[in-house]
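Chain by chain, the residues:
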Amino acid sequence: MQYPNLFPTITLFLVITILSFIHLPSSSYADNAKYLNCSAPFNCAGMKGLNYPFWGSNRPNYCGHPAFELSCSDDAPHIKIKHMNYRILDVNKVSRTLMVAREDYWNNICSPIASNTAINFTFFDYDSATTNLTLYYGCSGSFPSQPHTRFNCSSSNNSFVSGRNNYCLDSTIANLIGNSSALKCLYNVIVPVLQSAVQTESNLTEAALAKAIDGGFMLRWDANNSLCDGCQATGGQCGYNTRKSEFTCFVSTTGTYLICCFSYSIYCLFV
């Protein structure tokens, strides 16, 4: 008596049974639309192809991390980090670094905003190529005999310090000077720049100072980088579960295989 070959049926039944008991908190199988939406990059002016962790414009919020929302205005993308707006000058997706410049200092070294540069250290950090300058506004009295740059502020840029003396110091020297009794200033602001933009001159000209600030500074980012690498390695699109506030990997439901994420270790099951 011959028995029918039940192996394929039993195998399929076992696979379905096992999968029904597996909890997959950060993977999406059903919503192919999210996979397709997150496949579309963010493009703005001359900057093309920005994907996770960035979102905004044509990329819904589930396509990127909440801390990396972009907007497109003027001739460059912009990002808000903490309370500050930054112009994005360059993005290196391999090294995961951003070149950014403070929007309030763009083409203007006399910003009316008397605030030190701020970043969110949970997701960003200064690259080693970055150094700080300290800008002193509305100063009176004699300046200590240290390398410094004197610059002017017109009333149209900042009427509060117009007509007063304004200076720039490397922050290392500024820390050594501290609160000099001979120099009284209304306020000072710390602005990061690239070391390469200021290290060749002990006394920057005002034009060189403006160019260094407009040249921006470099930030490294981390938004579940290793998880995104694993997701992309298997053809998925990195995203964010806004309901659970956690990373997620969107997968295509139209391909020939299903991606399974077990505690974010990625396996492929061919079907």
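Report follows, based on the coordinates. Every value quoted in this text rests on a predicted model; they were computed, and no experiment measured them. Position numbers for residues count from 1 along each chain, tracking the sequence in the order it is written. Predicted model: local features are reported for residues with pLDDT of at least 70 only, side-chain atom pairs are reported and counted for 80 or more only, and whole-chain, interface and lining totals are derived from all residues. Note: side-chain values were computed over all heavy atoms of the structure, leaving out hydrogens and water.

**A closer look at the pattern of salt bridges**
Argument step 1. Here a salt bridge means any side-chain nitrogen of Lys or Arg lying within 4 Å of a carboxyl oxygen belonging to Asp or Glu. Tallied over the entire structure, the rule returns 6 salt bridges.
Argument step 2. Note that Asp 229 and Arg 96 form a salt bridge whose closest N and O atoms lie 2.6 Å from each other. A residue pair is termed long-range when its members are at least 10 positions apart, and Asp 229 in helix 7 (residues 225-233) and Arg 96 in the loop between strand 6 (84-92) and strand 7 (97-102) qualify at 133 residues.
Argument step 3. A relative accessible area of 17% places Arg 96 in the buried class.
Argument step 4. Of the charged contacts, one joins Asp 127 and Arg 220 as a salt bridge, the two residues approaching to 3.8 Å between their closest N and O atoms. On the criterion of sequence distance, the pair formed by Asp 127 in the loop between strand 8 (124-126) and strand 9 (130-141) and Arg 220 in strand 14 (residues 217-221) is long-range, its members being 93 residues apart.
Argument step 5. For every residue, the accessible area (1.4 Å probe, protein chains only) is compared with the maximum for its type, and the residue is labelled buried under 20%, exposed over 50%, or partly exposed between those bounds. Classification of Arg 220 by relative accessible area gives partly exposed; the value is 33%.
Argument step 6. Taken together, the shared-partner salt bridges connect Asp 75, Arg 87 and Glu 103 into one network. Secondary structure counts use DSSP, requiring at least four H or I residues in a row for a helix and at least two E residues in a row for a strand, with both numbered from the N terminus.

**Structural notes on the sheet that holds strand 8**
Strands in a sheet are paired, the pairing made by backbone hydrogen bonds, and the direction either parallel or antiparallel.
Argument step 1. Pairing in this open sheet of 6 strands is antiparallel, and the strands run 4-5-6-7-14-8 from one edge to the other. In this open sheet, the two strands that pair with only one neighbour each are strand 4 (70-73) and strand 8. Each adjacent strand pair in this sheet contributes to an overall mean axis angle of 45°, direction not counted.
Argument step 2. Only when DSSP finds a minimum of two bridges between them are two strands counted as paired. Sheet topology note: the strand 7/strand 14 ladder contains 4 bridges and is antiparallel. To obtain each axis, a line is fitted to C-alpha atoms, and for helices this fit is confined to the stretch in contact; angles are then taken between N-to-C directions over 0 to 180 degrees.

**With respect to the state of the cysteines**
Argument step 1. The disulfide criterion used throughout: a pair of cysteine sulfur atoms within 2.5 Å. Across all of its chains, the model carries 6 disulfides by this definition.
Argument step 2. The residue that forms a disulfide with Cys 110 is Cys 153, at a sulfur-sulfur distance of 2.0 Å. Negative torsions about the S-S bond denote left-handed disulfides, and the value of about -85° found for Cys 110 with Cys 153 makes this one left-handed. In this pair, Cys 110 is assigned in the loop between strand 7 and strand 8 and Cys 153 in the loop between strand 10 (149-151) and helix 3 (155-158), connecting sequence segments 43 residues apart.
Argument step 3. Sulfur-sulfur distance for the disulfide between Cys 231 and Cys 249 comes to 2.1 Å. Residues Cys 231 and Cys 249 are joined by a disulfide whose S-S torsion is about 80°; by sign, that bridge is right-handed. Taken as a pair, Cys 231 in helix 7 and Cys 249 in strand 16 (residues 246-250) lie far apart in primary sequence, 18 residues in all.
Argument step 4. Exposure remark for Cys 231: the relative accessible area of 0% places this residue in the buried category.
Argument step 5. With relative accessibility at 2%, the residue Cys 249 sits in the buried group.

**Here we look at helix 2 (residues 32-39)**
Argument step 1. Listed as buried for helix 2 are Asn 32, Tyr 35 and Cys 38. Looking straight down helix 2, one finds that the buried residues subtend no more than 130° of arc, so they occupy a single side.
Argument step 2. The contact criterion used is simple: two residues touch if any of their non-hydrogen atoms lie within 4.5 Å. Elements in contact with the buried residues of helix 2: strand 15 (237-241) and strand 16. Our arc is simply the arc of the directions from the helix axis toward the C-beta atoms.

**Considering the environment of Leu 50**
Argument step 1. Relative to the assigned elements, Leu 50 resides in strand 3 (residues 47-50).
Argument step 2. Residues Leu 50 and Ala 40 lie 10 residues apart in sequence; the distance between their C-alpha atoms is 8.8 Å.
Argument step 3. Other than its neighbours up to four places away in sequence, Leu 50 contacts Pro 41, Phe 42, Arg 59, Leu 70 and Val 91.

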